[in-house]
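Residue-level structure breakdown
Listed below, chain by chain, are the residues.
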Amino acid sequence: MSNASRQTMIDAVTGEFRRLYGGEPDGLFFAPGRANLIGEHIDYNGGHVLPCALTRGTYAAVRKRADQNFQFYSLNFPEEGPGTDQSWTSYMTGVMQVFAKAGMSMDTGMDVVIGGDIPAGAGLSSSASLEVLTGTILKELYGFSVSGEDIALYGQEAEQKYVGVECGIMDQFACAMGREGYAIDLDTAAVTFEYVPIPTDGISLILTDTNKKHDLRTSEYNRRRQECEEALRQLNEAALKQLNAAAARERDPEPHNPGHDPEPHSPGHDPEPHTPGHDPEPIPCLCALSPERFEELSNGIDDPVLRRRAAHAVYENERVRLAAEALRGGDPETMGRLMNESHQSLRDNYEVSCFELDVLAEAAQAIPGVLGSRMMGGGFGGCTISLVRDEALESFKKIVAEEYRRETGIDCTVHACRSGGGPVRIR
Ligand code: GLA
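Rules behind the numbers
- Residues numbered from 1 in each chain as written.
- Predicted model: local features only at pLDDT ≥ 70, side-chain atom pairs only at ≥ 80, totals over all residues.
- Heavy atoms only, no water.
- pLDDT = per-residue confidence, 0-100.
- Contact = heavy atoms within 4.5 Å.
- Helix = DSSP H or I, 4+ residues; strand = E, 2+ residues; numbered from the N terminus.
- Buried < 20%, exposed > 50% of the residue type's maximum accessible area, 1.4 Å probe, protein only.
- Lys, Arg positive; Asp, Glu negative; His and termini not counted.
- Salt bridge = Lys/Arg side-chain N within 4 Å of Asp/Glu carboxyl O.
- Polar contact = N/O pair within 3.5 Å; in protein donor to acceptor, adjacent residues only side chain to side chain.
- Pairing = 2+ DSSP bridges.
- Axes fitted to C-alpha atoms, helices over the stretch in contact; angles between N-to-C directions.
- Disulfide = S-S within 2.5 Å.
- Phe/Tyr/Trp six-rings, centres within 6.5 Å; stacked < 30°, edge-to-face > 60°.
- Lys NZ or Arg CZ within 6 Å of the ring centre and 35° of its normal.
- Near = heavy atom within 4 Å.
- Areas by Shrake-Rupley, 256 points an atom, 1.4 Å probe, with all protein chains shown as cover.
- Nonpolar A, V, L, I, M, F, W, Y, C, P; charged D, E, K, R; others polar.
- Core = buried A, V, L, I, M, F, W, Y, C linked by side-chain atoms within 4.5 Å.

With that settled, consider the confidence of the model for the protein chain. This prediction gives the protein chain a mean pLDDT of 93; 93% of its residues lie at or above 70. Confidence drops under pLDDT 50 across residues 261–274; counting only partners more than four residues distant or on other chains, this segment forms 13 contacts.

Given below as structure tokens:
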């Protein structure tokens, strides 16, 4: 986003603040939205992900009040007016409650005007942006001592507890810890990270919005999480069985009936328990498995749907490892190919794509000079992300838009995006 539109947003929230509440705000704040290069639906499976903060995001003009009351107003939801319990305010009050639980209670209420240039529901994390913005306001205006990582974790907790989405840590982390020109190689199991430069030389990151809002997101999202938990449970059972079988072979190297168990037993009740005190370490999360180890155990998952869910997590994690390596090694072609594979797996194995996203990704992938294209974020709508050589940009915009209109009857919106920095107090 250009400085001109940044200034427009600042003027808009400040102007509305003066009109609604009179006088000047104590502070002006910004927190970015995020894009994700690769690593989808594995931040709750202990995988690595590769998001970046955007230059677009959410702005706030805020003033502490003398009393304990709150007034919230959003330029994006003017029809809801100023008040305390609009549809969107739980993202802010949720964060305040998480801070309070951690011993950081606000001594006064506040008057707030919010505005932003990321559309809600486009998969650019307007919600995480608002949560990180709130954490930043609390830190700066109320003097609470919290790090960027803390703000991300508090935001995630707020979203899980007070909004009801069992999300991972990726979005809040990317919004809180962004650095201009870099993606974040985030290990979501250890919550450790490294910055990886994003290639900009002759290559653009393009977000294409389906402009289609799907309402499956929360329910299917939480369902995928449960499916992954069940797949992990069955994989742990399979690993234990394998261990018991190996121990049995060691005790009795000449099995009487190889390959055939004379007394079938119910799963989880192995007649030859392994030596007590020698429990294997349980597999902590799907992404702790290498593809090889997963293939050894995957027959232990009884349902083919669950097997595909788990396969997505394991192989997507491997793709992120290769993608980070490709970025570090200046190999955008490999990065693009991995993005295409990611889309295929999200569509076929994880089943979180939709017709509109498939049309966009497939139209883009067919254009020479488009290195890669895939659905981004939770899925069922929102945006695709594409890595496009500059010389292919014009044909991208034309061909993708035409193809999309022909197939769906609606218009998509194409945004060139740049990776930006983390949250800031502007004044
Ligand atoms: C949403 C969630 C994230 C992540 C993505 C899918 O954006 O908030 O935690 O799981 O979906 O990768």
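Here the focus is the side chain of Asp-358. With respect to the helices and strands, the residue Asp-358 is situated in helix α10 (residues 355–365). Put simply, Asp-358 is tucked away with no salt bridge, and the nearest opposite charge, on Arg-347, sits 4.9 Å away. Within the local environment of Asp-358, its side chain forms a polar contact with the side chain of Ser-353, the two groups lying 2.6 Å apart. Residues in contact with Asp-358, not counting those within four places in the same chain, are His-343, Arg-347 and Ser-353.

With that settled, the discussion passes to the sheet that holds strand β10 (residues 383–389). Adjacent strands of a sheet form backbone hydrogen bonds with each other and so pair up, either parallel or antiparallel. The sheet built from 4 strands is open, its strands ordered β9-β10-β8-β11 with antiparallel pairing. The open sheet has two free edges, formed respectively by β9 (370–375) and β11 (413–417), since each of these has just one partner strand. Sheet twist, expressed as the average angle between the axes of neighbouring strands with direction ignored, equals 20°. Looking at chain direction, strand β8 (residues 203–209) and β11 are connected through 5 bridges and run antiparallel. The residue bridging Thr-208 from the neighbouring strand is Val-414, located in β11. The sheet strands contacting helix α9 (residues 332–348) are β8, β9 and β10, and the helix crosses β9 at an angle near 30°. Sheet contacts for α10: β8, β9 and β10; angle to β9, the most-contacted strand, approximately 175°.

Another aspect to go through is the state of the cysteines. The full count for this structure, using the stated rule, is 0 disulfides. Note on Cys-52: no disulfide assigned, nearest cysteine sulfur contributed by Cys-417 at a separation of 6.0 Å. This cysteine, Cys-167, is not joined by any disulfide, and Cys-175 carries the nearest cysteine sulfur, 11 Å off.

Overall, the coordinates contain 11 aromatic pairs when judged by the stated rule. When the ring of Phe-72 is compared with that of Trp-88, the centres are 6.3 Å apart and the planes differ by 80°; the resulting orientation is edge-to-face. Residue Phe-72 is located in strand β4 (residues 70–74), and its partner Trp-88 is located in the loop between β4 and α2 (90–101); the two are separated by 16 residues in the primary sequence. For Phe-72, a relative accessible area of 1% puts it in the buried group. According to the relative accessible area criterion, Trp-88 is buried, its value standing at 5%. Centre to centre, the rings of Phe-99 and Tyr-154 are 5.0 Å apart; their planes meet at 65°, and the pair counts as edge-to-face. Of the two residues, Phe-99 sits in helix α2 while Tyr-154 sits in helix α4 (residues 148–163), which places them 55 residues apart along the sequence. Taken individually, Phe-99 and Tyr-154 each receive the classification buried, so the pair is uniform in this respect. Each member of the aromatic cluster is reached from another via a ring pair, and the members are Phe-99, Tyr-142, Phe-144 and Tyr-154. Sitting over the face of the ring of Phe-30, Arg-6 holds its NZ or CZ atom 4.7 Å from the ring centroid. One cation-aromatic arrangement involves Arg-224 over Tyr-350; the distance from NZ or CZ to the ring centre is 5.9 Å.

With that out of the way, let us pick up the site of the ligand. Every residue lining the ligand is accounted for by Arg-34, Glu-40, His-41, Asp-43, Tyr-44, Cys-167, Gly-168, Met-170, Asp-171, Tyr-221, Gly-377 and Gly-378. Within the side chain of Asp-43, a nitrogen or oxygen atom sits 2.6 Å from an oxygen atom of the ligand. Protein burial of the ligand: of its 300 Å² of free accessible surface, 92% is covered by the chains. Here the shell around the ligand is built from residues that sort into 4 nonpolar, 4 polar and 4 charged.

If you look at the biggest cluster of nonpolar residues, it comprises 97 residues, and the most contacted ones within it are Leu-37, Leu-50, Met-92 and Ile-137. Of all the elements, helix α8 (residues 304–328) adds the most residues to this core, at 9 residues. The residues touching Leu-37, leaving out its near neighbours within four places in the chain, are Leu-50, Pro-51, Ala-183, Ile-198, Leu-205, Leu-327, Met-335, Met-339, Arg-374 and Ile-385. Val-359, Ala-363, Ala-364 and Leu-393 belong to the second-largest nonpolar core, a separate cluster that totals 14 residues.

This next bit is on the side chain of Arg-224. On the secondary structure map, Arg-224 appears in helix α6 (residues 217–251). A relative accessible area of 4% means that Arg-224 is categorised as buried. There is a polar contact of 2.8 Å between the side chain of Arg-224 and the backbone oxygen of Glu-351. Among all residues touching Arg-224, those that are not within four sequence positions of it are Tyr-44, Arg-309, Tyr-350, Glu-351, Val-352 and Phe-380.

Once that is clear, we can look at the pairing of β8. The element β8 is largely enclosed, with a buried count of 7 among its 7 residues. Here β8 shows a buried face lined by Ile-203, Leu-205, Leu-207 and Asp-209 and a second buried face lined by Ser-204, Ile-206 and Thr-208. Pairing of β8 with β10 involves 7 bridges; the strand directions are antiparallel. Bridge pairing links Ile-206 to Ser-386 in β10.

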